[in-house]
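Secondary and tertiary structure notes
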Amino acid sequence: MDLEARSLQPNVKAVLLAKLREYKSDLNNLKSEHKRLASANSNQAARDYLLESGMADAMSVSANQRGRLMMSTERLNESSDRIKESRRTMLETEELGVSILQDLHQQRQSLLHANDTLHGVDDNISKSKKILTNMSRRMSRNKWIISSIIVVLVVAIALILYFKLSK
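Note on numbering: residues in each chain are counted from 1, in written sequence order. Predicted model: local features are reported for residues with pLDDT of at least 70 only, side-chain atom pairs are reported and counted for 80 or more only, and whole-chain, interface and lining totals are derived from all residues. Where side-chain values are given, they derive from all heavy atoms of the structure, hydrogens and water being excluded.

Runs of H or I in DSSP of at least four residues are treated as helices and runs of E of at least two as strands, each being numbered from the N terminus. For the protein, the count of helices and strands is four helices and zero strands. Sequence-ordered secondary structure for the protein, helices as α and strands as β, is α-α-α-α. Between buried and exposed lies partly exposed: a residue is buried under 20% and exposed over 50% of the maximum accessible area for its type, with that area taken using a 1.4 Å probe on protein chains only. When each of the 167 residues of the protein is scored for burial, the buried share is 7%. Note on contacts: a residue pair qualifies if any of its non-hydrogen atoms lie within 4.5 Å across the two residues. In the protein, once contacts between residues fewer than 6 apart in sequence are set aside, the share between residues at least 24 apart is 56%.

For the rest of this paragraph, the subject is the layout of surface pockets. Within this scheme a cavity is a closed region of a 1 Å grid, computed over the protein atoms alone, that accommodates a 1.4 Å probe without allowing it to escape, whereas a pocket is open but has protein on both sides within 12 Å along at least five of seven lines; lining residues each have an atom within 4 Å of a point. Grid points are joined across faces, edges and corners, and a volume is the space filled by probe spheres set on the points. Volume-wise, the second largest pocket comes out at about 270 Å³. Around the second largest pocket sit Glu4, Ser7, Leu8, Gln9, Val12, Leu101, Leu104, His105 and Arg108, which together line it. A total of four residues in the lining of the second largest pocket trace back to one element, the largest contributor, which is helix α4 (residues 63–166). Taken together, the residues of the lining of the second largest pocket break down into four nonpolar, three polar and two charged. Amino acids outside the nonpolar list (Ala, Val, Leu, Ile, Met, Phe, Trp, Tyr, Cys, Pro) and the charged list (Asp, Glu, Lys, Arg) are all regarded as polar, and Gly is one of them.

What follows is about the pattern of salt bridges. Whenever a carboxyl oxygen of Asp or Glu lies within 4 Å of a side-chain nitrogen of Lys or Arg, that contact is scored as a salt bridge. The final tally for this structure, using the stated rule, is two salt bridges. Linking Arg88 and Glu85 is a salt bridge whose minimum nitrogen-to-oxygen distance equals 2.2 Å. In this pair, Arg88 and Glu85 both sit in helix α4, three residues apart, roughly one turn of the helix. When its relative accessible area of 38% is taken as the criterion, Arg88 is described as partly exposed. The exposure class of Glu85 is partly exposed, given its relative accessible area of 39%. Two residues, Glu92 and Arg88, come together in a salt bridge whose shortest N-O distance is 2.3 Å. Taken together, the positions of Glu92 and Arg88, both in helix α4 and four residues apart, correspond to about one turn of that helix.

Counting through the fold element by element, Ser80 comes out in helix α4. Residue class for Ser80 comes out buried when judged on its relative accessible area of 6%. Note: C-alpha distance between Ser80 and Ala38 (42 residues apart in sequence) is 7.3 Å.

It is worth spelling out the environment of Thr89 at this point. Of note, Thr89 is situated in helix α4. Owing to a relative accessible area of 35%, Thr89 belongs among the partly exposed residues under this scheme. What qualifies as a polar contact is a pair of N or O atoms within 3.5 Å, subject to a donor-acceptor requirement within protein and to the restriction that residues adjacent in sequence count only when both atoms come from side chains. Engagement of the side chain of Thr89 in a polar contact is seen with the backbone oxygen of Glu85, the distance being 2.9 Å.

Within the secondary structure, Ser79 sits in helix α4. Side-chain polar atoms of Ser79 contact the side chain of Arg82, separated by 3.2 Å.

To continue, consider the confidence of the model for the protein. With 83% of its residues at a pLDDT of at least 70, the protein reaches an overall mean of 84. Within the protein, α4 carries the highest mean pLDDT (93), whereas helix α3 (residues 44–54) carries the lowest (58). Within a predicted model, pLDDT stands for the predictor's per-residue confidence, ranging from 0 to 100.

Right, let's get into the environment of Leu30. For Leu30, the position within the fold is in helix α2 (residues 10–42). Taking the relative accessible area as the measure of exposure, Leu30 reaches 34% and is therefore partly exposed. For the pair formed by Leu30 and Ile83, sequence separation is 53 residues and the distance between their alpha carbons is 7.2 Å.

Structure follows, in structure tokens:
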């Protein structure tokens, strides 16, 4: 995504790079929170042991403290599950974004190719128009030349006939 954002126009690039930095910092925050929570889960057994061994009498641990401890553990597990789900959603979104960018790149290439082809066709039409105009002018000129030759020949035949018949 970083490479794709850098290849865009400067006005769009600045906005996208800022968002990308923000997303990266969010990702790093989520990763560090996940590590913290994961290490908390692995240390849970050690904490339980320390809490129970720190007490001289196992009976002195109140039911209220155990309930709070269980609720805290449950909330911690739920938070860990939410972080995992967020990470999965983030990865799916990133894959979708990459796919969309690839599609847009292909469509851009298609449009550029169509634009080049259109310019080529436009040039060919201009050339054809010039050729047809020149052909039309030549045809008109040739008609005038042939008409002039016919008139000259008719006049010449009329003069020959006049001189032949008048003698």
